[in-house]
Amino acid sequence: MATIHRRPTTTATPEQFLAGLTDFGPGRSKLFANSADDCLIVHRRGRTDADVTEGSGGIWERLHYDWCDPGRVVLKTTDSNIWGGASGHTYTFKPKPDGTTDIDVVVVREGKNLKGWLLGFVLGTVGRGVLEKAFANSIKAIEARPA
């Protein structure tokens, strides 16, 4: 199982970042490269949660998004072709007095088959930088969105 923990700072407010995370419309791949528009299926969207399948490159997962606490968004993997167990993402937002926001993000990848175990191992070791770069690009894309 791979656990990746990052604490970047963004100029986006918690509300702006939450809006980006929960924007399941066309163009999502511009915010999150691993969420190809042609793989995106919104099964259900409520006021503070959603059930969404997303992925790219032959890897997909169905996630339950929960943002009932506006300072924290929890994505739990409910189905996937390679991820299982405790897989998911947790984003916690802490606004700072200077107008920036600290984001505490934890990504857990627990493989449920050989491909998942191998990819989880790679992401937890030499591939960690790939996830970090993708998240940095997502932050930049959310910052560039109109407020």
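The preceding data block contains the structure.
1. Quick notes on the pairing of strand β3 (residues 41–45)
Part 1 of the argument: Relative to strand β4 (residues 49–56), β3 is paired through four bridges, and the arrangement is antiparallel. Paired with arginine 44 across the two strands is aspartate 51, which belongs to β4.
Part 2 of the argument: Between β3 and β4, which pair antiparallel in sequence order, lie three residues.

2. As for the nonpolar core
Part 1 of the argument: One finds Phe17, Tyr65, Val73 and Tyr91 to be the most contacted residues of the largest nonpolar core, which totals 25 residues.
Part 2 of the argument: Secondary-structure elements contributing two or more residues to this core are β1 (2–6), α1 (14–21), β4, β5 (59–69), β6 (72–80), β7 (88–95), β8 (101–109) and α4 (128–144).
Part 3 of the argument: Other than its neighbours up to four places away in sequence, tyrosine 91 contacts Phe17, Leu21, Gly71, Arg72, Val73, Leu75, Ile103, Asp104, Val105 and Phe135.

3. Describing the layout of surface pockets
Part 1 of the argument: The volume enclosed by the largest pocket comes to roughly 710 Å³.
Part 2 of the argument: Forming the walls of the largest pocket are 31 residues, and the residues nearest its centre are Asn34, Glu61, His89, Arg109 and Leu131.
Part 3 of the argument: Of all the secondary-structure elements, those providing two or more residues to the lining of the largest pocket are β1, β4, β5, β7, β8, α3 (114–124) and α4.
Part 4 of the argument: In terms of residues, the lining of the largest pocket owes the most to one element, α4, which gives six residues.
Part 5 of the argument: Class assignment of the residues belonging to the lining of the largest pocket gives a composition of 19 nonpolar, six polar and six charged.

4. Overview of the environment of glutamate 110
Part 1 of the argument: With respect to the helices and strands, the residue glutamate 110 is situated in the loop between β8 and α3.
Part 2 of the argument: In this structure the C-alpha to C-alpha distance between glutamate 110 and valine 126, which are 16 residues apart in sequence, comes to 16 Å.
Part 3 of the argument: Those residues within four positions of glutamate 110 in sequence are excluded, and the remaining contacts are Met1, Ile82, Trp83, Gly84, Gly85, Ala86 and Ser87.

5. Comments concerning the side chain of aspartate 51
Part 1 of the argument: Tracing the sequence through the fold places aspartate 51 in strand β4.
Part 2 of the argument: A polar contact is formed between the side chain of aspartate 51 and the side chain of arginine 62, at a distance of 2.5 Å.
Part 3 of the argument: With residues near it in sequence (within four places) discarded, aspartate 51 still touches Ile41, Val42, His43, Arg44, Arg62 and Leu63.

6. A short note on the packing of α1 against α4
Part 1 of the argument: The interhelical angle for the contact between α1 and α4, taken along N-to-C directions, is 110°, at an axis separation of 10 Å. Comparing their axes, α4 and α1 come out roughly perpendicular. Crossing handedness for the pair α1 and α4: right-handed. Residue-level contacts link Gln16, Phe17 and Gly20 of α1 to Phe135, Ile139 and Ile142 of α4.

7. Looking at the packing of aromatic side chains
Part 1 of the argument: As enumerated under the stated definition, the model contains five aromatic pairs in all.
Part 2 of the argument: When the ring of phenylalanine 17 is compared with that of phenylalanine 93, the centres are 5.6 Å apart and the planes differ by 55°; the resulting orientation is tilted. Highlighted residues: phenylalanine 17 in helix α1 and phenylalanine 93 in strand β7, separated in sequence by 76 residues.
Part 3 of the argument: On the basis of relative accessibility, which here comes to 1%, the residue phenylalanine 17 falls in the buried class.
Part 4 of the argument: Under the relative-accessibility criterion, phenylalanine 93 is labelled buried at 7%.
Part 5 of the argument: Here phenylalanine 24 and tyrosine 65 contribute two aromatic rings whose centre-to-centre distance is 4.9 Å and whose plane-to-plane angle is 80°, an arrangement assigned as edge-to-face. One end of the pair, phenylalanine 24, is in the loop between α1 and α2 (28–31); the other, tyrosine 65, is in strand β5, with 41 residues separating them in the sequence.
Part 6 of the argument: A residue is classified by how much of its surface remains accessible, and phenylalanine 24, at 10% relative accessible area, is buried.
Part 7 of the argument: Take tyrosine 65: its relative accessible area is 1%, and that puts it in the buried class.
Part 8 of the argument: What links up through ring pairs into an aromatic cluster is the set Phe17, Tyr91, Phe93 and Phe135.

The rules we used
- Residues numbered from 1 in each chain as written.
- Predicted model: local features only at pLDDT ≥ 70, side-chain atom pairs only at ≥ 80, totals over all residues.
- Heavy atoms only, no water.
- Pairing = 2+ DSSP bridges.
- Helix = DSSP H or I, 4+ residues; strand = E, 2+ residues; numbered from the N terminus.
- Core = buried A, V, L, I, M, F, W, Y, C linked by side-chain atoms within 4.5 Å.
- Buried < 20%, exposed > 50% of the residue type's maximum accessible area, 1.4 Å probe, protein only.
- Contact = heavy atoms within 4.5 Å.
- 1 Å grid on protein atoms, 1.4 Å probe; cavity = no way out; pocket = protein on both sides within 12 Å on 5 of 7 lines; lining within 4 Å.
- Points joined across faces, edges and corners; volume = space filled by probe spheres on them.
- Nonpolar A, V, L, I, M, F, W, Y, C, P; charged D, E, K, R; others polar.
- Polar contact = N/O pair within 3.5 Å; in protein donor to acceptor, adjacent residues only side chain to side chain.
- Axes fitted to C-alpha atoms, helices over the stretch in contact; angles between N-to-C directions.
- Parallel < 35°, antiparallel > 145°, perpendicular 65-115°, else oblique.
- Left-handed = near helix turned anticlockwise from the far one by under 90°.
- Phe/Tyr/Trp six-rings, centres within 6.5 Å; stacked < 30°, edge-to-face > 60°.

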